Amino acid sequence: MSNSATPVKPAVLITIIGETVLKDRIVKLLKSHNVSGYTISQVQGEGGHGRRLADLAGYNTNIEIKTIVSLEVSDMILCALKEDQGKHALIAFRHNIEAFY
């Protein structure tokens, strides 16, 4: 896939899973770093903050936000998210990928 004619370039996929109440704050953070797009999904699961059933809208629910950015932008976003980690159920991780966007 390293063919020079390939339309993809190196990038970073960030996945953020957190409480639904964080949605607007996270979207604002992404936009402040000129993120051109993102995907938001309602999710459910269990972790250190207990079960998140997604059974009542806005109550005890989680969202998953995915976006593709550069390595430098991913560093800034992850550092900013770390500040909210102790206050809310929140986890974020990244993968090195190749993408066109």
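Keep in mind it's a predicted model, so treat the numbers as computed, not measured.

(A) Examining the environment of Lys-9 more closely. Position of Lys-9 among the secondary structure elements: in strand β1 (residues 9–19). As for Lys-9 and Ser-70, which are separated by 61 residues in sequence, their C-alpha atoms are 10.0 Å apart. Those residues in contact with Lys-9, other than ones at most four positions away along the chain, are Ile-97, Glu-98, Ala-99 and Tyr-101.

(B) Examining the nonpolar core more closely. By size, the foremost hydrophobic cluster in this structure holds 15 residues, and its most contacted members are Ile-16, Ile-26, Ile-77 and Leu-81. Where this core is concerned, the elements lending two or more residues are β1, α1 (23–32), β5 (62–69) and α2 (71–82). Filtering out sequence-adjacent residues up to four positions away, Ile-77 remains in contact with Ile-14, Leu-29, Leu-30, His-33, Val-35 and Val-69.

(C) Broad picture of unusual backbone geometry. Even without being a glycine, Asn-34 presents a positive backbone phi close to 60 degrees. In this fold, Asn-34 is placed in the loop between α1 and β2 (39–43). The exposed category is assigned to Asn-34, whose relative accessible area is 70%.

(D) How the structure looks around the side chain of Glu-64. Structurally, the position occupied by Glu-64 is in strand β5. Despite its burial, Glu-64 remains without a salt bridge, the nearest opposite charge being carried by Lys-66 at 4.2 Å. When near neighbours in sequence (up to four residues on either side) are disregarded, Glu-64 contacts Thr-15, Ile-16, Ile-17, Thr-39, Ile-40, Ser-41 and Val-43.

(E) Layout of α1. Within α1, burial applies to Ile-26, Val-27, Leu-29 and Leu-30. Across the axial projection of α1, the buried residues extend over an arc of 155 degrees, all falling on one side. Pointing more than 90 degrees away from the buried face of α1 are the exposed residues Asp-24, Lys-28, Lys-31 and Ser-32. Here the buried face of α1 lies against β1, β2, β5, α2 and β6 (90–99). Within two residues after α1, Asn-34 carries a phi angle of roughly 60 degrees, on the positive side.

Criteria and cut-off values
Residues numbered from 1 in each chain as written. Predicted model: local features only at pLDDT ≥ 70, side-chain atom pairs only at ≥ 80, totals over all residues. Heavy atoms only, no water. Helix = DSSP H or I, 4+ residues; strand = E, 2+ residues; numbered from the N terminus. Contact = heavy atoms within 4.5 Å. Core = buried A, V, L, I, M, F, W, Y, C linked by side-chain atoms within 4.5 Å. Buried < 20%, exposed > 50% of the residue type's maximum accessible area, 1.4 Å probe, protein only. Lys, Arg positive; Asp, Glu negative; His and termini not counted. Salt bridge = Lys/Arg side-chain N within 4 Å of Asp/Glu carboxyl O. Arc of directions from axis to C-beta.

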